[in-house]
Amino acid sequence: MSILPILLAGALVYKLTTFHRKPTNTNDTTNTNKIKIFVYGSLMWDTIPFQHTATKMTLKHYKRKLCLSSYTTRGTYTNPGLFWGLTPHPNANCLGKLLTFTDNNVLDWMDTREGDMYRRTKLNHVFVYLPNTQHTQYHPNLSPEQINHAYQYAHGQHGSTKEYVDKTLHELKILENS
């Protein structure tokens, strides 16, 4: 099976209307301790050990892309897997989830989980984990053949790249229909 038509069609950039969140009441003190994180890959479907709410959200001017190599969790050194990253793109929109937490420890947990391959960044009052473009595992210009090879054959300690991609695509279909 080949996912090239799906991946190459704008690197999974979807034609969507932007999801608008209700305006926040600046006088409402109940929001002061809330931590908001935009997620766009496995954090949409993987277990997170902190209580949270999740809502559909579109991040403007970024696109989801398989651009980070995985040498242990979704692949090996001889057959690297791939992880999603976000790359800036002026005409793109990235569908994902806005996770809202009240436990400040979630940021330490997320920083550890994402490691040095991602950088926690704040965009419009929302945290997002962007690829560390200086990391040796960051590869923004993978060929379609490299992506397809990883999809078909890469497998690591936490499963295959195929499983990782397919679970994300499944979650995106659910979001598109919600």
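The structure under discussion appears in the preceding block.
Anyway, here's the lowdown on the structure attached to this text. For clarity, every value in this text was computed on a predicted model and none was experimentally measured.

1. Focus: helix H3 (residues 144-153)
Looking only at H3, the buried set comprises Ile147, Asn148, Ala150 and Tyr151. All buried residues of H3 fall inside an arc of 160° around its axis, so they share one side. Residues of H3 that are exposed and point over 90 degrees away from its buried face: Glu145 and Tyr153.

2. Structural notes on the side chain of Glu114
Its location among the elements puts Glu114 in helix H2 (residues 105-114). Looking at Glu114, the relative accessible area reads 11%, which means it is buried. Sequence-distant contacts of Glu114, defined by excluding residues within four places in its chain, comprise Leu43 and Tyr129.

3. Considering the side chain of Ser160
Positionally, Ser160 belongs in strand S7 (residues 159-160). The exposure class of Ser160 is buried, given its relative accessible area of 16%. With sequence-adjacent residues up to four places away left out, Ser160 is seen in contact with Arg74, Ala154 and His155.

Scoring rules and cut-offs
Residues numbered from 1 in each chain as written. Predicted model: local features only at pLDDT ≥ 70, side-chain atom pairs only at ≥ 80, totals over all residues. Heavy atoms only, no water. Buried < 20%, exposed > 50% of the residue type's maximum accessible area, 1.4 Å probe, protein only. Helix = DSSP H or I, 4+ residues; strand = E, 2+ residues; numbered from the N terminus. Arc of directions from axis to C-beta. Contact = heavy atoms within 4.5 Å.

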